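Summary of structural features
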Amino acid sequence: YRFFGEPVVEACVENGASCIDISGEPQFLEGMYLKYNERAAEKGVYVVGSCGFDSIPADMGVLYTRDKLKGTLTTVESFLSVKSGPEGVGVHDGTWKSAVYGLADEGNLKKLRKQIGYAPVPVVGAKLKKRGFMFYSPEFKEYCITFMGSDGSVVKRTQRYLHTELQQTPVQYGAYATVGGLGSVIKLMFLGMLFFLLVKFNFGRKLLTKYPEFFSAGYFTKKGPTQKQMDGTSFTMTFFGEGYSEGQDPQNGKPNVKICTEVKGPEPGYIATPIAMVQAALSLLEDAASLPKRGGVYSPGAAFSKTKLIDRLNKRGVEFSVISKPEV
């Protein structure tokens, strides 16, 4: 998207067509907001980014968790687990390239955010503690890492919009992924250190993009996953929410209600992503009365919070459910 996405957005906005994409690149997503939000609003069209696995499960999952809690939800942590069959997991190297160029250009993302001049999102309730980059989770009995995708930035944009435009209580959010036992951790640390070292240099980026299979231990390939790999793979995203019961002031005292929800679905990149994308498009077309009043460049949660998108996804194999009800 960084190299090829903008002409599509520009053409759609200029010709009065709404558009969605499946980008997981914060710099592209937020760059499009800076450049085209006002023009899209004038034209009355909706540009909704990250409508694939990045980041509909996370963004809509936070909203689903909020809606299922009796009271005020103030913090959510999500944990992504991807399970594979005997053939393992495969991902096309396009995703790998997005990560390479995104990390290499991190400084420009910070500059872009300064240019946009985002209003700060207030912290309501107890502050969500940031975890270390890697930690052991007793709930999953596995090691976990900070999730490196766009979920955190997309959810934050949604929460900022819902707070500033609709005066809703913003939810603090942390995104993590399970990685397995100690063996997986050692392998991941070695590959991660190599990746972060090489991505800083031009020749390193060339090596990473030329030999994705070697540098990712076979996960990312120029061919992408086989049908057997896709058939054997699924994902679960578990959300742990905390908040305050009805009548309790979130600005006083500790959270006193908890909730656990889940979004699960088939293989994320090539089966769940097109499901999410098509249902997002149908929501744009068929739930028009429930979209934000003005056109513009939106995150999925900002565009679809009042639509039937979650119901649509539930009917097509990307399922949202409550695992444990809140208890005071």
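Please refer to the structure higher up on the page.
Reference entry: report on the structure contained in this document. (Residues numbered from 1 in each chain as written. Predicted model: local features only at pLDDT ≥ 70, side-chain atom pairs only at ≥ 80, totals over all residues. Heavy atoms only, no water.)

1. Some words on empty space enclosed by the protein
Stated formally: Buriedness of a pocket was judged along seven lines, with at least five required to meet protein on both sides within 12 Å; pockets are open sets of points on a 1 Å grid over the protein atoms alone, cavities are sets where a 1.4 Å probe fits but cannot get out, and lining residues have an atom within 4 Å of a point. Grid points are joined across faces, edges and corners, and a volume is the space filled by probe spheres set on the points. Here the nonpolar group is Ala, Val, Leu, Ile, Met, Phe, Trp, Tyr, Cys and Pro; Asp, Glu, Lys and Arg are the charged ones; every other residue, Gly included, is treated as polar.
The final tally for this structure, using the stated rule, is one cavity of 30 Å³ or more. Taken as a whole, the largest cavity holds about 50 Å³ of empty space. Contributing to the lining of the largest cavity are Asp 21, Phe 28, Leu 29, Met 32, Val 47, Val 48, Gly 49, Arg 157, Val 297 and Tyr 298. Looking at side-chain class alone, the lining of the largest cavity contains seven nonpolar, one polar and two charged residues.

2. Thoughts on helix 8 (residues 202–210)
Convention followed: To sort residues, take the accessible area from a 1.4 Å probe on protein chains only and compare it with the maximum for the residue type: under 20% means buried, over 50% means exposed, and anything in between is partly exposed. Helix and strand assignments follow DSSP, with helices taken as H or I runs no shorter than four residues and strands as E runs no shorter than two, numbered in order from the N terminus. Working note: the arc is built from the helix axis to C-beta atom directions. Only heavy atoms enter the contact rule, under which two residues are in contact if any of them lie within 4.5 Å.
For helix 8, the complete set of buried residues consists of Gly 204, Leu 208 and Thr 209. Along the long axis of helix 8, the arc covered by the buried residues comes to 130 degrees, so they all point the same way. Among the exposed residues of helix 8, those oriented more than 90 degrees off its buried face are Phe 203, Lys 206 and Lys 210. At its buried positions, helix 8 is contacted by helix 4 (93–104), helix 7 (182–198) and helix 9 (212–215).

3. Considering the pattern of salt bridges
The condition that has to hold: Salt bridge, as used here: a side-chain nitrogen of Lys or Arg that lies within 4 Å of a carboxyl oxygen of Asp or Glu.
Taken as a whole and assessed by the stated rule, the structure comprises 14 salt bridges. For Arg 131, the salt bridge identified is with Glu 77, shortest N-O distance 2.9 Å. Within this pair, whereas Arg 131 is found in the loop between helix 5 (106–116) and strand 5 (134–137), its partner Glu 77 is found in strand 3 (residues 72–83), the two being separated by 54 residues in sequence. Looking at Arg 131, the relative accessible area reads 33%, which means it is partly exposed. The exposure class of Glu 77 is buried, given its relative accessible area of 10%. The closest approach of N and O atoms between Lys 258 and Glu 242, which form a salt bridge, is 3.8 Å. Note that Lys 258 is positioned in strand 10 (residues 257–266) and Glu 242 in strand 9 (residues 234–244), a separation of 16 residues in sequence. Among the residues examined, Lys 258 registers a relative accessible area of 53% and is labelled exposed. Looking at Glu 242, the relative accessible area reads 28%, which means it is partly exposed. Residues joined in a network through salt bridges with shared partners are Glu 14, Arg 39 and Glu 42.

4. Digging into the packing of aromatic side chains
Convention followed: Pairing of aromatic rings covers Phe, Tyr and the six-membered ring of Trp, with a centre-to-centre limit of 6.5 Å; geometry is then stacked below 30 degrees between planes, edge-to-face above 60, and tilted otherwise. By the criterion adopted, a ring carries a charge over it if an Arg CZ or a Lys NZ lies within 6 Å of its centre and within 35 degrees of its normal.
Evaluation of the coordinates by the stated rule reveals 19 aromatic pairs. A network of ring pairs unites the aromatic residues Phe 79, Phe 135, Phe 140, Tyr 176 and Phe 240 as a single cluster. Between Arg 160 and the ring centre of Tyr 118, over which it is positioned, the NZ or CZ distance is 4.1 Å.

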